[in-house]
Amino acid sequence: APDFQETELTEIPPNYYSLRYNPPPEQKLWEDLHNEDLTSHELADLIGQKKHLRYVQQAHFDFVMRALNNDQDYKRTKRLMNFMRKWRITITKEYFTYLIVNCARVGDIQRASTHIYQMKKEYPDYDITPEMYNGHIAFWASKGKLYRARNIIKGIKQKGLTPIASNFEELILNYRQSGAPESDIE
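Residues numbered from 1 in each chain as written. Predicted model: local features only at pLDDT ≥ 70, side-chain atom pairs only at ≥ 80, totals over all residues. Heavy atoms only, no water.

## Side note on the pattern of salt bridges
And then number 1: Applying the stated criterion to the full structure yields five salt bridges.
And then number 2: When the shortest N-O distance is used, the salt bridge between Arg-76 and Asp-45 registers 3.9 Å. Of the two residues, Arg-76 sits in helix α4 (residues 74–86) while Asp-45 sits in helix α2 (residues 40–47), which places them 31 residues apart along the sequence.
And then number 3: Note on Asp-45: relative accessible area 39%, which makes it partly exposed.
And then number 4: Between Arg-76 and Asp-73 there is a salt bridge, with the nearest N and O atoms lying 3.6 Å from each other.
And then number 5: Overall, the relative accessible area of 22% leaves Arg-76 in the partly exposed class.
And then number 6: Classification of Asp-73 by relative accessible area gives buried; the value is 10%.
And then number 7: Overlapping salt bridges, with partners in common, bring together Asp-45, Asp-73 and Arg-76 in one network. (Salt bridge = Lys/Arg side-chain N within 4 Å of Asp/Glu carboxyl O. Helix = DSSP H or I, 4+ residues; strand = E, 2+ residues; numbered from the N terminus. Buried < 20%, exposed > 50% of the residue type's maximum accessible area, 1.4 Å probe, protein only.)

Right, here's the structure in full:
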């Protein structure tokens, strides 16, 4: 029979289903990370799997950490940072900021301060920023403790830092949500 002769396909070849689209592992990870149906929790669980270590890049961690920060998920942020420490993956200053702010937001002010000092110990070249205190301010303002939130801002100034707009936004927004009298806000 000639080479170009067509043959009739009467049964499905055994490898037919494995011939479907099968991206390389790094592409599959990226596609999974961009699945709109995944929550930040599922993203963190996905990227924190040992099997992905070979393919995970800093951009993947950035993406997941931003999602966790948007959801104000302190526990998973901390868990993912511990995973990064274990595998000697660089933890950026932004990750520490997410951790510190969200820790303070849940009310663990002392632990949030401990994270600041831990950051300075591990990465002495990372500067403490006013943004790291947004969670402290938000927590106290949300409890109606305006004087404590103002003391945090004074403390920022005493450290030689300049308070930023987000410090005051956190103060005003969270204080208003606390139900305390607005006459206290100057």
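## Examining helix α7 (residues 134–142)
And then number 1: Of all nine residues that make up α7, eight are buried, and the element is covered over most of its length.
And then number 2: Residues of α7 that are buried include every one of Asn-134, Gly-135, His-136, Ile-137, Ala-138, Phe-139, Trp-140 and Ala-141, and no others.
And then number 3: Contact partners of the buried residues in α7: α5 (93–105), α6 (109–122), α8 (146–158) and α9 (165–178).
And then number 4: The positive-phi residue at the C-terminal boundary of α7 is Gly-144, with phi of around 80°. (Contact = heavy atoms within 4.5 Å.)

## Some points on the packing of helix α3 (residues 58–70) against α5
The relative placement of two packed helices comes down to the angle between their axes together with the axis-to-axis distance.
And then number 1: Where α3 meets α5, the axes come as close as 10 Å, and the angle between the chain directions of the two elements is 20°. Taken together, α3 and α5 sit at an angle that is classed as roughly parallel. As α3 packs across α5, the resulting crossing turns out to be left-handed. Residue-level inspection shows Gln-58, Phe-61, Asp-62, Met-65, Arg-66, Leu-68 and Asn-69 of α3 in contact with α5, the latter providing Tyr-95, Tyr-98 and Asn-102.
And then number 2: Looking at the contact of α3 with α5, its residues break down into five nonpolar, three polar and two charged. (Axes fitted to C-alpha atoms, helices over the stretch in contact; angles between N-to-C directions. Parallel < 35°, antiparallel > 145°, perpendicular 65-115°, else oblique. Left-handed = near helix turned anticlockwise from the far one by under 90°. Nonpolar A, V, L, I, M, F, W, Y, C, P; charged D, E, K, R; others polar.)

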